[in-house]
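Structural description and commentary
Listed below are the residues making up each chain.
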Amino acid sequence: MKITILGLAVFFVLGSTSMAQDIGRIKNAWKGTYLNMETGTLQSTAIKQEWSSALWELIKVQEGQFMIKNVWKGTYLNIETGTLQCTAVKAGWVSARWTIKNIAGTNSIRIYNFWKPTLCINIETGSPACSAVGEGWSSARWNWEVAGTNPIINNKPGTNPANNNPSNNSINIQEVLAAHNTLRKEVGVPPLTWSADLAIKAQAWANEVAKKNMGQNQNWALPHSGSPGENIAGGLTNGDSPARRILLGWGEDEKVNFDPNTRKCIAGTICGHYTQVIWRNTTQVGCAIATNPNGKYILVCNYNPPGNYIGQPAY
């Protein structure tokens, strides 16, 4: 059986995922609350900035049909039981498919169930439901806020900083990918490609880790999620881009502990971030950051297939 070692956590800064426009938050135009799964069940409430429980992914099934997946739980909106819920679903469940229609003269949308097309998601009773709605019901009006570009994501409301500004949860994918591939090219292994799925996974865990690092002065808590193929870093904001942190922190700082002859870490030293970055069999990467209220940052990168198997050389 293969045993894998996770990349070790160290103290740096920065990073974040570039959230595509199919990842966002669903805000009710009437109440100003957001669909989320923070309590484990579907609700529409005020949310905190770091809640990945309020992030949703639109997954196109076919033209005009979408599944709506909670990023935190990996469950889907559906009405299989007759009431609106967010659960695991079976292949082919049309109860978990939705059509999204713009409301004329507004920036809002309505979300109709494909299985029962007269039913629409609303919070008329105060709780999320899927029912027939009246034409003027603002409780059935929703706004799609793209993750990474709308005010609730950014550290400063109403701003949209540049890609590598540490006050923004937006990552420059090309630069982060190039940083990884620069290190890989040095040792002659094939380049990585970007994975949106891994980036979503990284964002969810970065948000969780950020909650553990709220104070101004404390030792950083950088636990791993338990998933193999995961690098984590955190530290003071210093203006460094995520790409620079990867090249220097996981690259230059750890390369000195790597033996190119054995292609393993030198005994008694740490270079697990570096070996994961250059692991030959790894083909994909996805990274994310989360911003803490104290202005500091967590960087998470996930890799597939994972590396750092005990006893095996990196390449």
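Located above this text is the structure these notes cover.
Right, let's walk through the structure included here. (Residues numbered from 1 in each chain as written. Predicted model: local features only at pLDDT ≥ 70, side-chain atom pairs only at ≥ 80, totals over all residues. Heavy atoms only, no water.)

**So, the packing of helix 1 (residues 173-187) against helix 3 (residues 242-255)**
Two elements in contact, helix 1 and helix 3, have axes separated by 7 Å at closest approach and are oriented at 25°. As the angle between them shows, helix 1 and helix 3 are arranged roughly parallel. Every pair of crossing elements has a handedness; the one defined by helix 1 and helix 3 is right-handed. Taken together, the residues of helix 3 that come into contact with helix 1 (itself represented by Glu-175, Val-176, Ala-179, His-180, Thr-182, Leu-183 and Glu-186) are Pro-242, Ala-243, Ile-246, Leu-247, Gly-251 and Lys-255. Each residue belonging to the contact of helix 1 with helix 3 can be placed in one class, and the counts come to 7 nonpolar, 3 polar and 3 charged. (Axes fitted to C-alpha atoms, helices over the stretch in contact; angles between N-to-C directions. Helix = DSSP H or I, 4+ residues; strand = E, 2+ residues; numbered from the N terminus. Parallel < 35°, antiparallel > 145°, perpendicular 65-115°, else oblique. Left-handed = near helix turned anticlockwise from the far one by under 90°. Contact = heavy atoms within 4.5 Å. Nonpolar A, V, L, I, M, F, W, Y, C, P; charged D, E, K, R; others polar.)

**A short note on the packing of aromatic side chains**
Two numbers describe a pair of aromatic rings. These are the distance of the centres and the angle of the planes. This structure, assessed with the given rule, holds 3 aromatic pairs. Their ring planes at 35° and their centres at 6.1 Å tell us that Phe-258 and Tyr-315 sit as a pair that is tilted. Linking Phe-258 in strand 16 (residues 258-259) with Tyr-315 in the segment after strand 19 (297-304), this pair joins segments that are 57 residues apart in sequence. Residue class for Tyr-315 comes out buried when judged on its relative accessible area of 19%. By way of ring pairs, the aromatic residues Phe-258, Tyr-274 and Tyr-315 are connected into one cluster. (Phe/Tyr/Trp six-rings, centres within 6.5 Å; stacked < 30°, edge-to-face > 60°. Buried < 20%, exposed > 50% of the residue type's maximum accessible area, 1.4 Å probe, protein only.)

**Topic: the nonpolar core**
Trp-194, Trp-250, Ile-278, Val-285, Cys-287 and Leu-299 are the most contacted members of the largest nonpolar core, which totals 31 residues. Sorting the residues of this core by element identifies helix 1, helix 3, helix 4 (272-278), strand 18 (284-291) and strand 19 as the ones contributing at least two each. Considering each element in turn, this core owes the most residues, 6 residues, to helix 1. Residues Leu-35, Leu-42, Cys-86 and Leu-119 belong to the second largest nonpolar core, which totals 19 residues. (Core = buried A, V, L, I, M, F, W, Y, C linked by side-chain atoms within 4.5 Å.)

**What about the layout of surface pockets?**
The gaps of empty space that remain are located by a probe, the size of a water molecule, rolled over the atoms. Taken as a whole, the second largest pocket encloses approximately 210 Å³ of empty space. Every element with two or more residues in the lining of the second largest pocket is listed here: strand 5 (56-62), strand 6 (65-70) and helix 2 (196-210). If you tally residues by element for the lining of the second largest pocket, the top one is helix 2, at 5 residues. Across the lining of the second largest pocket, the residue classes break down as 6 nonpolar, 4 polar and 5 charged. (1 Å grid on protein atoms, 1.4 Å probe; cavity = no way out; pocket = protein on both sides within 12 Å on 5 of 7 lines; lining within 4 Å. Points joined across faces, edges and corners; volume = space filled by probe spheres on them.)

**Describing the state of the cysteines**
Per the stated rule, a full pass over the model turns up 2 disulfides. Across the disulfide, Cys-265 is cross-linked to Cys-271 (sulfur-sulfur distance 1.9 Å). Between Cys-265 and Cys-271, the disulfide has an S-S torsion of -110° and is therefore left-handed. Between Cys-287 and Cys-301 runs a disulfide, and the two sulfur atoms are separated by 2.0 Å. Classification of the bridge connecting Cys-287 and Cys-301 rests on its S-S torsion, roughly 110°, and on that basis the disulfide is right-handed. Residue Cys-287 is found in strand 18, and its partner Cys-301 is found in strand 19; the two are separated by 14 residues along the sequence. (Disulfide = S-S within 2.5 Å.)

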